[in-house]
Amino acid sequence: MNVVTPPEKLTPKDFATDQEVRWCPGCGDYAILKGVQKTLADIGARPENTVFVSGIGCAARFPYYVKTYGFHTIHGRAPAFATGLKLANPGLDIWVVSGDGDALSIGGNHLFHLLRRNVDLQFLLFNNEIYGLTKGQYSPTSRQGTRSPSTPWGSLDNPASATVFALGSGARFVARGIDSNQKHLPDVLARAHAHKGTSFVEIFQNCKVYNDGVFENFTARDVASDRQIYVEHGKPLTFGKDGEKGLRLNTQTLSLEAVVIGENGVNESDILVHDETNRMIATLLAHMEPPALPVALGVLYSAPGQSYDDEVGDLVRSHTPAEKPDFNKLLRAGRTWTVD
Amino acid sequence: MSNTALAEKSSVPSHRETVESAVVRFAGDSGDGMQLTGGQFTLATAFAGNDLSTFPDFPAEIRAPAGTTFGVSSFQINFGSRVIKTAGDAFDMLIAMNPAALKVELGGLKQGGIIIADTGSFGERDLRKAGYTENPLEDGSLDGYRLVALDISKLTMEAVKDTGLSKQEALRCKNMWTLGFVYWMYGRDRKPTADWLIAKFGKRPDVAAANVAAMDAGHTVAETMELPDGVHGFHVDAADIAPGTYRTVTGADALAWGLAAGTHLADIKMVFASYPITPASQILHSLSKMIDHNVVTFQAEDEIAAACAAIGASFGGSLGVTSSSGPGIALKTEAIGLAISTELPLVIVNSQRAGPSTGMPTKTEQSDLYQAVLGRNADSPLCVLAARSPADCFEVAIEAVRIAIKYMTPVFILTDGYIGNAAEPWNIPDINDYAKIPVNFRTDPEGFHPFMRDADTLARVWAVPGTPGLEHRIGGIERDYDSGNISYDPGNHQKMTDTRFAKIDGIARDIPAQGVEDGATSGKLAVVGWGSTYGPISRAVANLRTQGLDVSHIHIRHIWPFPENLGDLLKGFDQVLVPEMNHGQLVNVLRAEYLVPAEGLNKVSGQPFKIIEIEDAIRARLEN
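Computed from a predicted model, the values in this text were never measured in an experiment.

Thresholds, definitions, all that
- Residues numbered from 1 in each chain as written.
- Chains lettered and ligands numbered in written order.
- Predicted model: local features only at pLDDT ≥ 70, side-chain atom pairs only at ≥ 80, totals over all residues.
- Heavy atoms only, no water.
- Helix = DSSP H or I, 4+ residues; strand = E, 2+ residues; numbered from the N terminus.
- Buried < 20%, exposed > 50% of the residue type's maximum accessible area, 1.4 Å probe, protein only.
- Contact = heavy atoms within 4.5 Å.
- Areas by Shrake-Rupley, 256 points an atom, 1.4 Å probe, with all protein chains shown as cover.
- Lys, Arg positive; Asp, Glu negative; His and termini not counted.
- Charge placed at Lys NZ, Arg CZ, Asp CG, Glu CD.
- Polar contact = N/O pair within 3.5 Å; in protein donor to acceptor, adjacent residues only side chain to side chain.
- Salt bridge = Lys/Arg side-chain N within 4 Å of Asp/Glu carboxyl O.
- Axes fitted to C-alpha atoms, helices over the stretch in contact; angles between N-to-C directions.
- Parallel < 35°, antiparallel > 145°, perpendicular 65-115°, else oblique.
- Left-handed = near helix turned anticlockwise from the far one by under 90°.
- Nonpolar A, V, L, I, M, F, W, Y, C, P; charged D, E, K, R; others polar.
- Buried area = accessible area lost by both parts, 1.4 Å probe.
- Pairing = 2+ DSSP bridges.
- Expected span 1.5 Å × (residues − 1).
- Core = buried A, V, L, I, M, F, W, Y, C linked by side-chain atoms within 4.5 Å.
- Arc of directions from axis to C-beta.
- Patch = residues over 30% accessible without salt bridge, like charges linked within 9 Å, V, L, I, M, F, W, Y side chains within 5 Å.

Caption draft 1: Structural context of the overall build of chain A. Across its full length, chain A carries 11 helices and 12 strands. Projected onto its principal axes, the C-alpha positions of chain A cover 95 × 55 × 45 Å. Split into buried and exposed, the 340 residues of chain A put 54% on the buried side. For chain A, the proportion of contacts with a sequence separation of at least 24, taken over those separated by at least 6, is 64%. By element, 53% of the accessible surface of chain A is carried by carbon and sulfur atoms, the whole surface being about 15100 Å². For chain A, the centre of its 33 positive side-chain charges and the centre of its 37 negative side-chain charges are spaced 4 Å apart.

Caption draft 2: How the structure looks around the environment of A:Asp275. Residue and element names in this part refer to chain A. Inspection of the secondary structure assignment puts aspartate 275 in the loop between β10 (255-260) and α9 (279-287). Residue contacts for aspartate 275: discarding those within four places in its chain leaves His233 and Ile281. Only 2.6 Å separates the side chain of aspartate 275 from the side chain of threonine 277, close enough to count as a polar contact.

Caption draft 3: Main features of the pattern of salt bridges. Under the defined criterion, the tally for this structure stands at 36 salt bridges over all chains. One network of salt bridges, with partners in common, ties together B:Arg25, B:Asp57, B:Glu105 and B:Lys363.

Caption draft 4: Spatial organisation of the packing of helix α2 (residues 78-88) of chain A against helix α11 (residues 303-315) of chain B. Two elements in contact, α2(A) and α11(B), have axes separated by 6 Å at closest approach and are oriented at 45°. As the angle between them shows, α2(A) and α11(B) are arranged oblique. Considering how the two elements wind past one another, α2(A) and α11(B) form a crossing that is right-handed. Taking contact as the criterion, the partners of A:Ala80, A:Phe81, A:Gly84, A:Leu85 and A:Ala88 in α2(A) are, on α11(B), B:Ala305, B:Cys308, B:Ala309, B:Ile311, B:Gly312, B:Ala313 and B:Phe315. Among the residues making up the contact of α2(A) with α11(B), the classes are represented as 10 nonpolar, two polar and no charged.

Caption draft 5: Here's a closer look at the interface of chain B and chain A. Each partner contributes residues to the interface: chain B has 76 residues there, and chain A has 57 residues. Buried surface at the junction of chain B and chain A, summed over both partners, amounts to about 5800 Å²; 62% is from carbon and sulfur atoms. Of all residues in chain B, B:Ile291, B:Glu301 and B:Arg473 bury the most surface against chain A, accounting for 12% of the area lost on that side. Applying the counting criterion to the chain B and chain A interface returns two salt bridges. When the shortest N-O distance is used, the salt bridge between B:Asp267 and A:Lys324 registers 3.1 Å. The tally of links between chain B and chain A comes to 26 residue pairs in polar contact (both at pLDDT 80 or more). For the side of chain B that touches chain A, the element with the most residues is α11(B), which contributes eight residues. Sheet topology places strand β12 (residues 335-339) of chain A next to strand β10 (residues 244-250) of chain B; three bridges connect them, and they run antiparallel. Bridge pairing in β10(B) places A:Val339 opposite B:Gly244.

Caption draft 6: Representation of helix α17 (residues 534-546) of chain B in the model. Residues and elements named next belong to chain B. The end-to-end C-alpha separation of α17 is 18 Å, in line with the 18 Å expected for 13 residues at 1.5 Å each. Within α17 the residues assigned to the buried category are Tyr534, Gly535, Pro536, Ile537, Ser538, Arg539, Ala540, Val541 and Leu544. The secondary structure elements touched by the buried residues of α17 are β19 (523-530), β20 (551-556), β22 (573-580) and α20 (611-622). Just downstream of α17, glycine 548 is the residue with a positive phi angle, here 90°.

Caption draft 7: Focus on the nonpolar core. Counting 166 residues, the largest nonpolar core has A:Leu285, B:Leu259, B:Leu287, B:Val347, B:Val528 and B:Leu590 as its most contacted members. When near neighbours in sequence (up to four residues on either side) are disregarded, B:Leu287 contacts B:Ala256, B:Leu259, B:Ala260, B:Met270, B:Phe272, B:Val295 and B:Thr297. Membership of the second largest hydrophobic core comes to 54 residues, among which are A:Val339, B:Leu150, B:Ile152 and B:Tyr246.

Caption draft 8: Quick look at α9(A). Residue and element names in this part refer to chain A. Within the span of α9, buried status applies to Ile281, Ala282, Leu285 and Ala286. For α9, the arc enclosing every buried residue in end-on projection is 135°, short of the 170-degree limit, so these residues lie on one face. Those residues of α9 that are exposed and aimed more than 90 degrees away from the buried face are Met280 and His287. Looking at the buried residues of α9, the elements they touch are α5 (162-168), β5 (173-178), β7 (228-231), β9 (245-250), β10 and β11 (295-302). Between the side-chain oxygen of the N-cap and the backbone nitrogen of methionine 280 there are 2.8 Å, and the N-cap of α9 in question is asparagine 278.

Caption draft 9: A look at a negative patch on the surface. Residue and element names in this part refer to chain B. A contiguous patch of negative charge, built from Glu134, Glu138, Asp139 and Asp143, is present on the exposed surface. Note on placement: aspartate 143 falls in the loop between α3 (124-130) and β8 (146-150). When its relative accessible area of 64% is taken as the criterion, aspartate 143 is described as exposed.

Caption draft 10: Expanded view of the side chain of B:Lys269. Examined against the element boundaries, B:Lys269 turns out to sit in the loop between α9 (251-266) and β11 (270-274). A distance of 3.2 Å separates a polar side-chain atom of B:Lys269 from the backbone oxygen of A:Ala88. When neighbours within four sequence positions are excluded, B:Lys269 is seen to be in contact with A:Leu87, A:Ala88, A:Pro90, B:Thr263, B:Asn294, B:Val296, B:Ser318 and B:Leu319.

Caption draft 11: Broad picture of unusual backbone geometry. Along the chain, A:Pro290 connects to A:Pro291 via a cis peptide bond; the corresponding omega equals 5°. Relative to the elements of secondary structure, A:Pro291 occurs in the loop between α9 and β11. Backbone torsion omega between B:Gly355 and B:Pro356 reads 5°, so that peptide bond is classified as cis. With respect to the helices and strands, B:Pro356 occurs in the loop between β14 (346-352) and α13 (369-374). For B:Asp267, which is not a glycine, the phi torsion comes out positive at approximately 55°. Position of B:Asp267 among the secondary structure elements: in the loop between α9 and β11. Phi angles above zero are rare outside glycine, and B:Ser357 is one such case at about 55°. Position of B:Ser357 relative to the elements: it lies in the loop between β14 and α13. In this structure B:Ser357 comes out as exposed when scored by relative accessible area, which is 60%.

Right, dumping it as structure tokens:
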């Protein structure tokens, strides 16, 4: 009888390479790297079966620091490489790591098609609202008026919302986390990993050098509890230091409003209960911005559907004959004639 | 599958004139079905045992306004009892379905050639649309030709009146009426076309019956009517063709089969990622049907994604293949650089078309040689191959797969719109006659790093995700020669750049020596071609050699690296002439590599070379 030895339980350290990490001191990427390595250990990932694919930018250096397979590709195109890789080998567990410029500017087209196809992989968008590697120009998520080397009088164009874009593109899993929140981030990443199809995770990441503190308006210690809401499926959407605040659906305006339980006749039954399978609720949550409304974190949306790679696999299986087909027959299909 | 055994050579009917070869051009409106008509005539001609070559020539517009000159769609076929190498220069017979077709194509008809015209389509409005003020069928302007003017529209309506089709549907049968007429002119069998019509219109037996009736009627009219003076039936003997099982094949189909044959011989999956573009799309269509042969096709969101997905697939242990035409290749360029830098196998097909920019999408050109050999940022060598004919696409595709895998490199295949769409008979090979393509996926972790190389080929190891113990990271950043880790070391970059060049240069030792297609290996003049100029060059050189001229034909398949002996071979000739459908690209690469006084002969009209154009250029150099 064969004795099956269970694979050795790996620790976060087992997922660290011997390469010197070259992000700036204090960069939020360090925390995310730590969170990902912890997640890989928690979920029992096998290094040989795991691939990190990235494009270009600070975030895109990520694969060099994870001891799995890795492919650092070209700017904005990581989703396309990952799609081809998944078609070649559907058994691989693929993580795509991208930044706000890589994913939403040069690579916006590919991200849209990745989400719409629903290729089974995890897509992590490190959003720091700035271009880091090219030295601080404004990005597609930068708030209007952002002063940068290319916008000395403030940026003019409207910022994109990564999660709203993802939901609009047909994403079936949309979640959010914060780099420094190590308690929460691995849970979100584990949920993303467990989801079959493209799992889109936006991670608010602080760029120490070019955009330090850009998320302070909801991450600073003194405002965090009032300006962040951790959403959980089946639970009321409450926030605040003692959970005294909540989100109520205004059915007249079809919008969310922040209310205080016990004030102005608001009671607990008025608070909207999160349903992560409801795309409309997810969209309303994704649109929330401080200070009027808290930033929604956690799994905003999860509604599994068949992934593209699965559908391709089904198609291939349904057309693959039991016996290997004769190539000569392929060449001779159709009209032929013989010369003696 | 349906196989036809060719009949014994029949005796020549006494009322027919025997000719060695003939060129026929079908021309009509985009909606007249000229390509289908030409395709059927091609098949019937192949079944009659002739050698042949075709040239479909059509506009980019799907349905240009009816009756306009820019909406003319044509199909040319050259067939004969001798070896046929081109679709022919001037045509012997022109079928003009409307005035626009006559206007556009008349210049290509031989003096005294036969015109078959549908008078039913030569109304005042039709004439005006084509820019005629007088009816050319009546004003004597065609006196130098043999004109067969028939009201094909009316004759077709009569032939199908019992089938119950609407007038519009009935009129659509006039191409088959015309085909029946031309079948009689050349003594062709109608049965294969009748069978094809019945199969094609399986759900509309009335339409099938009408088309067959129209074809039969056209045939009967030709057989029984009193043809104008000098117009009669022709007979073309069967050609002396090597024994075998044949089919007609276009370059696009042969290329698709060749790629699939390559991955079949390598026993790995092909992931073919492409974005539709004229004239390359047919390769995607053909491969999409080969899902049962370990081929997965992916219609990407754009050209860049297609190239990237193919490279991702190669990283994953499949062979990634991407295909496009010049403008799309331009978009793929950055990704190709990554494949060079990460040293992954990749096959890139470029079905060249007339440019720059959108240019003339359905017209042929050979103007992407520079793009393939040189067109990337930085020092980024790769391998480039060129197909010379539709059937040759099969061989070139297999060679591309072999080199890509053996040397872990991107390989370009240059084909063009002409080869892609043109058809010729193909003696179908036996896949078992081809050498297997070995694939050595690394599995041993001992001493592994991702850029360890084969001492002989300099190819790096192919280590595929999923293999325990070989976890590694690759990317576009320069990597250390000895570890594969990121490196900005100056000396290392020099070494890696040198190594990338040495690897590609080394392919020259692994390809056949450059031969001479026709003529001596040294002499007064070598005509050096590549790609689809093969046909006209080989015919021109053969013609002039029979007249005693000292000229040789060299045709290059391996564009980069060149075969090792090419420089010495060229130096054995006093003059080197390089005909190309571009403004001079191979000629400059040859001059740069070998310092030979090569001269260009260049044509960028969107049309293939005529034999006579090359003959004239050769004569000009040898007869002064």
